[in-house]
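The primary structure of each chain is shown beneath.
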Amino acid sequence: MAFATSRAEASKGGFRLSMLIYDTRFRAITLQVVALILFLLFIGWLTDNVIRNLDAKGKDINFGFLWVRAGYDIEQTLIPYTNDSSHGRAVIIGLLNTLVVAFFGCILATVIGVIVGVLRLSNNWLISRLMTIYVEIFRNVPLLLWILLTFVVISETMPAPAAFKITPAILESRAALEGIEAQAGGNGFWSRITGLQTLSLPFFLWLLALIGISASAWQYARSRLDAGKAALIAAIPAVLWIVAALTVFSPSLSPVLADSEASAIGPTEPAASKFFFDSIALTNRGTNVPAPLLDRPLGGTEIVSVPVNYSVLAVIAVIIVSVLANRSVIRRANKLQETTGTRPTTWWISLLILFLPLILLLVALGLHWEVPAFPVNDEGVSQGFNFRGGIQVMHSFTALLIALSLYTSAFIAEIVRAGIQAISRGQSEAAAALGLRPGRTMKLVILPQALRVIIPPLISQYLNLTKNTSLGIAVSYLDLRGTLGGITLNQTGRELECMLLMMLIYLTISLIISSGMNAFNSAVKLKER
Amino acid sequence: MTTAQKQLQIPGEIAIEIRKMNKWYGQFHVLRDIDLTVARGERIVICGPSGSGKSTMIRCINRLEEHQSGDIIVDGTELTNDLKNIDKVRSEVGMVFQHFNLFPHLTILENCTLAPIWVRKIPKKQAEETAMHFLTKVKIPDQALKYPGQLSGGQQQRVAIARSLCMRPRIMLFDEPTSALDPEMIKEVLDTMIELAEEGMTMLCVTHEMGFAQAVANRVVFMDQGQIVEQNAPKEFFSNPQSERTKLFLSQILGH
């Protein structure tokens, strides 16, 4: 035999230099050693080159700039920051801004992606086509365009803060209207019913939609339940319809006025109004949301110049304890099912355990919401140029979050669809033949198998989303790329240091995400052989 | 119809009754006017060329396929769109598939206890005892803690049979249970099925194993192009086929 294949034979023949190339045992090692030497030489050459070039320009590698005053403002910060803070703190602010978008983006993208992916497999022709269109639109247009488009749409279409103000003219019209109302006789239930605009086109379309939805709800429920329950389910859209018709399609909340009368009075409300029980204001400057305030806060301290709020810590601690307590309830339910066969209903106990302690704590801390509003003078006329109170969320953040989530969700939808389709039809047929209902089949048979197909590509999507937050620069969202890789870099001229640091930070974030997801993956993966 | 069959069709003794059942896949008429009555304890072998609708027919019996016209009454329950009826029928009817369809992420034991625990609401311990009982019966109790991927085809199919039996069905459907197996594994599965037949289980079996048909079947049903062409006791069916189509089919499968 030309090539020695066992240790004994090799020692018999002795070692020859040619074996380094021709012997399968040494060949692999030889090639790796050569490759390693070449690679190290290349790195050495690059480093040497950089140092020589920096030398020629009279520069060195120095991270001292991180402790120097930054001198620029950042619009949105999670922890205190002023332009007197250091570049290092600006980097932390940017990092936190990156993480915030990445965190909520991943959650939102997963939720939308799973829903779209499952619905795309729906038997309903219309729904599955709509989901196909959604996926194709979002994944086939560059992300940068979506970010810019979302930003432009939300900032250009929203009214200026001034549109929310109550002006003296509005107060005059209100007074005039009250006079007419007193003559006409109130704005009760009957006046709304008689004022219902039954001949308008929107009402007609709404009526058609109602009939369609109610009929399909009835048909769907009838195939699974008895007639009584089906009727109950079909009645829900009907009730919603009546409520909507009375509020949307009656002329207004006021009694019927002749057109001439109404136009003579002028507007009785500001041009724009706040959403969600009069608490959230969308303006062309940003989204104003209520801020949580505590009457009896627990105080706080600072650790390495990062503020630590004891109230927040208390809330987190209570949530963790509640989740752990809930787990033990579920474990007890499992044990009970094992011994008696019937599973106790635990959802209301879980709800109590999860929410009651939290609510009690928040009540004890005296939580209330500071709603953004214009200050008003004694007559009720709004003062100032912008909302006071609450939190103003920048449109750059909102646009980046929405665009990233929608774009990534299109990819996640395809991953979820592929994962479910990868499970053969035979699995759900076998489960059905054993008498398992579709929901149980999904939970006990399909999903545990689909997850192992879904998770590895899902990790890539989370990493993509996290790194794509750096596109926030397009809408001047000051994330890590905007602070460290943007303004700090420009001001200090430390390109190499900034880029190295930025790469290191992105690498660390990515490795943390993927190692976490890999741990999850190995927990759910198929144990076979 | 032979007199023996007429005697079996006493009300209450009927396990499955199919009347004028039709099914289409789009334009394609898969099943035409199927009439079939199966008495309790009867063992029926269904054969026919591929594409003749035999699998589709037995899959209609536990509603894995929907029929478009006619009636199917299983154990006194009519199969309609009513989910409760479907659940009832499925809990009475076990099914074994050509490709086993075991759940690869669960152990053999968990495969056997999943449905009893979640559908029949049986305590886990009791479900495990039942599972071990049936696994012993199919002669693989020592594999209980392995995963399906670690078993041979024949063993997997016997597990599939045990999994169905754990639901204590009154009727068993077999959809070409030995078609995906090696010859020596076919025997171990057939032995299990013969044992089951001897205990008086009502069985409908789509198979090409004519030896099995001769050994255990009360009746052989021959299907072609979505119709039942001929049905008879195995002895007459093989020795004296009535229609030309049956003769041709028998000459082809028994010829070699």
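### As for the overall build of chain A
Thinking step 1. Within chain A, the secondary structure is distributed over 18 helices and seven strands.
Thinking step 2. Each of the 529 residues in chain A was classed as buried or not, and the buried ones make up 33%.
Thinking step 3. Summarising the internal contacts of chain A: among those between residues at least 6 apart in sequence, 68% fall at separations of at least 24.
Thinking step 4. Total accessible area on chain A is roughly 31700 Å²; 68% of this is exposed by carbon and sulfur atoms.

### As for the side chain of Asn326(A)
Residue and element names in this part refer to chain A.
Thinking step 1. With respect to the helices and strands, Asn-326 occurs in helix H12 (residues 310–340).
Thinking step 2. The class of Asn-326 is buried, set by a relative accessible area of 11%.
Thinking step 3. Excluding its chain neighbours within four sequence positions, the residues that come into contact with Asn-326 are Ser-350, Ile-353 and Leu-354.

### Some remarks on the confidence of the model for chain A
Residues and elements named next belong to chain A.
Thinking step 1. Within chain A, residue pLDDT values average 83, and 89% of them lie at 70 or more.
Thinking step 2. The spread of mean pLDDT over the elements of chain A runs between helix H1 (residues 7–13), the lowest at 53, and helix H14 (residues 395–422), the highest at 94.
Thinking step 3. Within the model, pLDDT remains below 50 along residues 1–5, and this stretch shows five contacts once partners closer than five positions in the same chain are excluded.

### What to know about the pairing of strand E6 (residues 93–96) of chain B
Residues and elements named next belong to chain B.
Thinking step 1. Burial along E6 is two-sided: Val-93 and Met-95 facing one way and Gly-94 and Val-96 facing the other are all buried.
Thinking step 2. Pairing of E6 with strand E7 (residues 171–175) involves four bridges; the strand directions are parallel. Within E7, the position partnered with Met-95 by the bridge is Leu-173.

### Description of a nonpolar patch on the surface
Residue and element names in this part refer to chain A.
Thinking step 1. A contiguous nonpolar patch, built from Trp-347, Trp-348, Leu-351, Leu-352, Phe-355, Leu-356, Ile-359, Leu-360 and Val-363 and spanning about 960 Å² of accessible area, is present on the exposed surface.
Thinking step 2. Take Leu-351: it is sitting in helix H13 (residues 347–365).
Thinking step 3. On the accessibility criterion, Leu-351 (41% relative accessible area) is partly exposed.

### Points about unusual backbone geometry
Residue and element names in this part refer to chain B.
Thinking step 1. Within the chain, Glu-176 stands out as a residue other than glycine whose phi angle is a positive 45°.
Thinking step 2. The buried category is assigned to Glu-176, whose relative accessible area is 15%.
Thinking step 3. For Gln-225, which is not glycine, the phi torsion reads 50° and is therefore positive.
Thinking step 4. As for its placement among the helices and strands, Gln-225 is situated in the loop between strand E9 (219–224) and strand E10 (227–232).

### Quick notes on helix H3 (residues 24–57) of chain A
Residue and element names in this part refer to chain A.
Thinking step 1. Between its terminal C-alpha atoms H3 stretches 50 Å, which fits the 50 Å expected from 34 residues at 1.5 Å a residue.
Thinking step 2. The opening residue of H3 is Asp-23, an N-cap whose side-chain oxygen sits 2.7 Å from the backbone nitrogen of Arg-25.
Thinking step 3. Just past H3, the residue Gly-58 takes up positive phi, approximately 75°.

### Things to note about the sheet that holds strand E4 (residues 69–74) of chain B
Residues and elements named next belong to chain B.
Thinking step 1. Strand order in this open sheet of four strands is E2-E1-E4-E5, and the pairing throughout is antiparallel. Edge positions in the sheet fall to strand E2 (28–39) and strand E5 (77–78), since each of these pairs with one other strand and no more.
Thinking step 2. Bridge analysis of E4 against E5 gives two bridges, and the strand direction is antiparallel. Residue Val-74 lies in a different strand from E5, and its bridge partner there is Thr-77.

### Re a positive patch on the surface
Thinking step 1. On the surface, a cluster of positive charge is contributed by Arg343(A), Arg440(A), Lys443(A) and Lys121(B).
Thinking step 2. When you line up the elements, Arg440(A) lands in helix H16 (residues 438–468).
Thinking step 3. Judged by its relative accessible area of 30%, Arg440(A) falls in the partly exposed class.

### Notes on helix H6 (residues 143–157) of chain A
All names here are of chain A.
Thinking step 1. The end-to-end C-alpha distance of H6, which contains 15 residues, comes to 21 Å, matching closely the 21 Å that a straight helix rising 1.5 Å per residue would cover.
Thinking step 2. Within H6 the residues assigned to the buried category are Leu-143, Trp-146, Ile-147, Thr-150, Ile-154 and Ser-155. Taken down its axis, H6 places every buried residue within 140° of arc, on the same side. Every exposed residue of H6 that faces more than 90 degrees away from the buried side is listed here: Glu-156 and Thr-157.
Thinking step 3. Looking at the buried positions of H6, the neighbouring elements they touch are helix H5 (125–139), H14 and H16.

### Things to note about the environment of Val116(A)
Thinking step 1. Along the polypeptide, Val116(A) turns up in helix H4 (residues 87–120).
Thinking step 2. C-alpha of Val116(A) to C-alpha of Asp55(A): the two residues are 61 residues apart in sequence and 56 Å apart in space.

### Focus on the sheet that holds strand E2 (residues 286–289) of chain A
Residue and element names in this part refer to chain A.
Thinking step 1. The sheet built from three strands is open, its strands ordered E1-E2-E7 with antiparallel pairing. Looking at strand neighbours, the two that pair on one side only are strand E1 (281–282) and strand E7 (391–394), the edges of this open sheet.
Thinking step 2. Pairing geometry for E2 and E7, over four bridges, is antiparallel. Bridge assignment links Gly-286 to a residue of E7, and that residue is Met-394.
Thinking step 3. Across the sheet, H14 touches E2 and E7, and the angle it forms with E7 is around 55°.

The rules behind the values
For every chain, the first residue of the written sequence is number 1, and numbering continues from 1 along that sequence. Following the order in which they are written, the chains are lettered starting with A and the ligands numbered starting with 1. Thresholds applied to this predicted model are a pLDDT of at least 70 for local features of residues and 80 or more for the giving and counting of side-chain atom pairs; totals over whole chains, interfaces and linings are not thresholded and use all residues. Side-chain descriptors were evaluated using all non-hydrogen atoms of the structure, hydrogens and water having been removed beforehand. Numbering goes from the N terminus for both helices and strands, where a helix is a DSSP run of H or I of at least four residues and a strand is a run of E of at least two. Exposed residues in this analysis have more than 50% of their type's maximum accessible area, buried residues have under 20%, and partly exposed residues fall in between, with area computed by a 1.4 Å probe over protein chains only. Working rule for contacts: check all heavy atoms of both residues, and any pair within 4.5 Å makes them a contact. Accessible surface is estimated by sampling points in the Shrake-Rupley manner with a 1.4 Å probe; for residues, cover comes only from the protein chains shown. pLDDT runs from 0 to 100 and stands for how confident the predictor is about each residue. Strands were regarded as paired on the criterion that DSSP finds at least two bridges between them. Exposure above 30% relative accessible area and the lack of any salt bridge qualify a residue for a patch; like charges then connect within 9 Å, and the nonpolar side chains Val, Leu, Ile, Met, Phe, Trp and Tyr within 5 Å. Counted as salt bridges are all cases of a side-chain nitrogen of Lys or Arg within 4 Å of a carboxyl oxygen of Asp or Glu. For a helix, the expected span equals 1.5 Å multiplied by the number of residues minus one. Think of a polar contact as two N or O atoms within 3.5 Å of one another; within protein, one of them needs to be a possible hydrogen donor and the other a possible acceptor, and neighboring residues in sequence only count if both atoms come from side chains. Residues scored as positive are Lys and Arg, those scored as negative are Asp and Glu, and His as well as the terminal groups of each chain are ignored. A charge is said to be at NZ when it belongs to Lys, at CZ for Arg, at CG for Asp and at CD for Glu. It is the directions from the helix axis to the C-beta atoms whose arc is reported. Geometry is summarised by axes, namely lines fitted to C-alpha atoms with helices restricted to the contacting stretch, and by angles between N-to-C directions that run from 0 to 180 degrees.

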